[in-house]
Structure formats: structure tokens, C-alpha cells
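So you can see what is in the structure, the chains are spelled out below.
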Amino acid sequence: MWPWGHLAVGYLLYSLFYRAKGTDIPSAGVFLVALGTQFPDLIDKPLGWTFGLLPSGRSLAHSLFTTLVVIAIAVAIGKRLSRVRLGWAFALGYLSHLVADALYPVLDGEFIFLSYLGWPLLPVAPYEHEPASILAHFLSMQWSAYFALELVLTALALVVWVTDGRPGLNVLRQQVSGRRQASDE
């Protein structure tokens with residue numbers, strides 16, 4: 001799944017969770033959900049594709065073993081800072097990434113391509129065309145039904161985000177205006 005697809009899935013799940021609770025979406029949590037949705041690829045893609053330190057662009061940070069450790073650390077940091085909801089926001093984003101990456105192999109019935117979830121106990125399945133770098137991956141982008149699905153999910157997430165009152169935007173505006181004021185002084 002492409003980065004915007006991961007972001008869309010993560011935000012939609014986050015919004016659904018808070019809608020079910022009947023409460024407003026915490027703005028700071030939106031940023032941690034976003035980071036969580038990208039985290040596995042920010043680790044595995046450079047280490048696997050660019051530097052060749054991992055067997056695949058889906059291995060270390062896509063493994064359930066690593067996921068559990070990272071989530072435990074995020075929640076512990078959240079508790080330590082008395083902001084446990086933020087730790088869980090990151091966890092939701094991270095887990096949504098793994099679920100979204102599993103979607104296409106499940107739909108295609110190619111369950112061997114889920115072996116990254118058990119790495120290093122299971123070998124990662126060989127991909128036909130593992131890119132040499134992140135840039136090569138983006139340059140290989142092609143139109144497909146899955147690509148269209150991700151664009152639809154992204155558009156839906158944007159509509160839901162606006163409907164939710166654009167959570168996170170106020171925090172971003174405050175940061176930008178605060179930096180502007182500091183540089184003007």
C-alpha cells in the first residue's frame with residue numbers, strides 16, 4: 001500500500017474509534033496516528049531497499065514481534081508523560097499499517113506474502129520486483145484497481161477529516177504561527 005493509503009486507513013480507524021466513543025478526536029493524536037501509519041515503511045524500506053541491511057522492505061518493522069515491542073514502548077512513554085492516549089494513537093496507526101499491507105495478499109489468496117508478520121522466525125516471501133530504493137519504488141507506480149481503491153480511501157479519509165472538524169490543523173497552525181512570531185523577533 002502507498003503512504004497515502006496507509007494514512008487514510010489509519011485516520012478512518014481513528015475517527016471511527018472516537019465516533020463510537022462519542023467524543024472529539026484529540027488533535028495531538030492525529031499526528032501520532034499519522035506517524036504510526038508510516039513507521040514500518042520508514043524503518044524497513046530504507047534498511048531493506050537502499051542499504052540492503054534487511055531481507056526485504058517488509059521485514060523488521062513489519063514483524064509482529066517488533067510491533068509488540070514498539071507498541072509497548074509507545075504506550076509506556078505515553079503513560080510516563082501522562083498522555084497514554086497518544087501512545088495508543090501511535091499503536092493504532094502502526095497496527096493499521098500491518099492490516100493494510102495484509103489486505104492485498106488476503107484478497108489475492110496469496111497468504112505466503114504474509115510471512116513478513118512472523119519474521120525472523122519465518123522467511124519473507126520473495127517479491128517479483130523488490131525496488132532498489134524508495135525513489136525507484138515511487139517511479140514504478142502504476143494504475144491498478146488497488147491503486148484506485150487507495151485513492152478512494154484517501155478521498156474518503158479527507159472528507160471524514162473535514163467532517164470531524166479537521167483535527168490537528170489547529171495544532172499545526174499554532175506551531176507555524178509560533179515559529180513565525182519567533183523568527184520576527
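In this text, all values refer to a predicted model and were calculated from it rather than measured experimentally. (Residues numbered from 1 in each chain as written. Predicted model: local features only at pLDDT ≥ 70, side-chain atom pairs only at ≥ 80, totals over all residues. Heavy atoms only, no water.)

**Q** Give me the environment of W49: which residues, what numbers.
**A** Tracing the sequence through the fold places W49 in helix α2 (residues 27–50). What makes W49 buried here is its relative accessible area of 10%. It is 25 Å that separates the C-alpha atoms of W49 and L107, two residues lying 58 residues apart in sequence. (Helix = DSSP H or I, 4+ residues; strand = E, 2+ residues; numbered from the N terminus. Buried < 20%, exposed > 50% of the residue type's maximum accessible area, 1.4 Å probe, protein only.)

**Q** Give a detailed account of the environment of T50, specifying residues and quantitative values.
**A** Within the element layout of this structure, T50 appears in helix α2. Along the sequence, T50 and P120 sit 70 residues apart, while their C-alpha atoms lie 20 Å from each other.

**Q** Can you tell me about unusual backbone geometry, naming the residues and giving the values?
**A** P120 follows W119 through a cis peptide bond whose omega is 10 degrees. Tracing the chain through its elements places P120 in the loop between α4 (84–108) and α5 (134–139). The phi dihedral of R166 is positive, around 55 degrees, even though this residue is not glycine. Summarising the element assignment, R166 is placed in the loop between α6 (145–163) and α7 (169–184).

Any functional reading would require information beyond the geometric quantities listed.
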